[in-house]
Amino acid sequence: MAFLFILPTWPVEVWTSAMRKVAPRLDVRSWPDQMGDVADIDYAAAWLPPANVLKGLPNLKVIFSLGAGVDAILKDPTLPPGIPIVRVNEPDLTGRMTEYIVLHVLMHHRQQRRLDENQRRKVWDSFPTHAASDLAVGIMGLGVMGQDSAERLRDLGFKVAGWSRTRKHIPGVHCYAGQAEFDSFLRRTDILVSLLPATPETDGIINRETIGKLSRKGPFGAPIVINAGRGRQQVAEDVLAALDSGALHAATLDVFAVEPLPPDSPLWTHPKVTITPHCAADSDPEVICAYVARQIERHQSGKPLDNLVDMARGY
Ligand code: NAP
Ligand code: GLV
């Protein structure tokens, strides 16, 4: 029984040594140079795996995504059918995302970019501020990540709502569900946060029409977008046009349709855009390897795997 890492964009040695540390008896291998006999490989863990690699493992029993999202695995047209895919659901990863969402909501709410610019220009301008309770934050995606962010923002005093496919019940958070309630959710939202997975239904969801439905009654007179879900969710031209016309006040973007974001993208230099390099929630090698090792133990002892991807839903 062997375990394979497929990590074309991550430092694979860091991951193999973390896995050997947490699971010393596991035969840990790595693509492409240390695969050994592929017939030995029962388990594979991947981040952005190239197409055709997973299909070349004839005895594969479980695929692990090393992040919460699984879109990069599901997009492989040669993905072998019927093999369960486990995604990450770990308090460490969730906590990092919540820090990011809270940080960026607060950054916009407290107008930190304006203060930074004033400091740069040595301007003492103590402009009036508003209360957290003046701002309505709306989170698209009330899964593991979205729920945690919603609860923390609620505790800070923001008016928090969330939107998901199926109805959620979170004390102090107004929960909208399904397409039929999307417009009502947007209409009350001053800061729109995306923590949605990438699926055909969520592709392009942050577009001109969506932005046009957001609230303009908030303290900034125009809404703000924070996308830490997946880059395919934002139509970059629509976001830029909305920022330029004043239909959007500002945007924080952690994810992009093409990553790394190409140097010639106008998003890099737009004064109302804050860019981060898909780092909202980083997977910590030791924590994630311990999680994967626990799942392998469960599988070996015939117990059900946790956090299985529903292939029909696509997340
Ligand atoms: P999750 O637990 O699977 O939650 C996904 C949420 O999205 C669920 O509430 C789901 O609704 C909702 N949803 C899916 N499709 C929808 C649709 N068409 N309409 C309305 N709601 C929809 O996932 P998670 O662990 O919270 O992670 C969410 C995403 O965050 C990941 O897929 C990944 O793309 C992203 N992420 C990004 C980073 C980063 O560093 N930027 C890090 C980690 C994760 P139901 O509850 O009704 O199913
Ligand atoms: C990161 O993007 C993840 O999906 O965990």
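For the structure, check the block above.
Residues numbered from 1 in each chain as written. Chains lettered and ligands numbered in written order. Predicted model: local features only at pLDDT ≥ 70, side-chain atom pairs only at ≥ 80, totals over all residues. Heavy atoms only, no water.

### Structural notes on helix α3 (residues 91–109)
Worth spelling out the cut-off: Working definition: helices are DSSP H or I runs of at least four residues, strands are E runs of at least two. Numbering for both runs from the N terminus. Expected helix span is computed as 1.5 Å times (number of residues minus one). Each residue's exposure class comes from its accessible area (1.4 Å probe, protein chains only) as a fraction of the maximum for that residue type: buried when under 20%, exposed when over 50%, partly exposed otherwise.
With 19 residues, α3 extends 26 Å between its outermost C-alpha atoms, agreeing within 8% with the 27 Å of an ideal straight helix rising 1.5 Å per residue. Within the sequence span of α3, burial applies to L93, T94, M97, T98, Y100, I101, V102, H104, V105, M107, H108 and H109. Count one or two residues on from α3 and you reach Q111, which has phi positive near 55 degrees.

### Section: the layout of surface pockets
Stated precisely, the cut-off is as follows: Buried and open spaces are told apart on a 1 Å grid over the protein atoms alone, a cavity being a set of points where a 1.4 Å probe fits but cannot get out and a pocket being an open set with protein on both sides within 12 Å along at least five of seven lines. Residues with an atom within 4 Å of a point are the lining residues. Grid points are joined across faces, edges and corners, and a volume is the space filled by probe spheres set on the points. The classification used treats Ala, Val, Leu, Ile, Met, Phe, Trp, Tyr, Cys and Pro as nonpolar, Asp, Glu, Lys and Arg as charged, and all other residues, Gly among them, as polar.
As a volume, the second largest pocket reaches approximately 290 Å³. Lining the second largest pocket are 15 residues, with R113, R114, H249, A250 and P271 sitting closest to its centre. Going through the elements one at a time, α3 and α4 (112–120) are the ones with two or more residues in the lining of the second largest pocket. With five residues, the top contributor of residues to the lining of the second largest pocket is α4. Tallied by class, residues from the lining of the second largest pocket come to five nonpolar, five polar and five charged.

### Notes on the pattern of salt bridges
Put simply, the test is: We define a salt bridge as a side-chain nitrogen of Lys or Arg found within 4 Å of a carboxyl oxygen belonging to Asp or Glu.
Taken as a whole and judged by the stated rule, the model has 17 salt bridges. Between R167 and E181 there is a salt bridge; the shortest N-O distance is 2.7 Å. Pair noted here: R167 is in the loop between β7 (159–164) and β8 (174–177) and E181 is in the loop between β8 and α6 (182–187), with a separation of 14 residues, a long-range link. Given the relative accessible area of 40%, R167 is considered partly exposed. Here R313 makes a salt bridge to D310, at a shortest N to O gap of 3.8 Å. Look at R313 and you get partly exposed, because its relative accessible area is 33%. D310 gets classed as partly exposed once you look at its relative accessible area, which sits at 33%.

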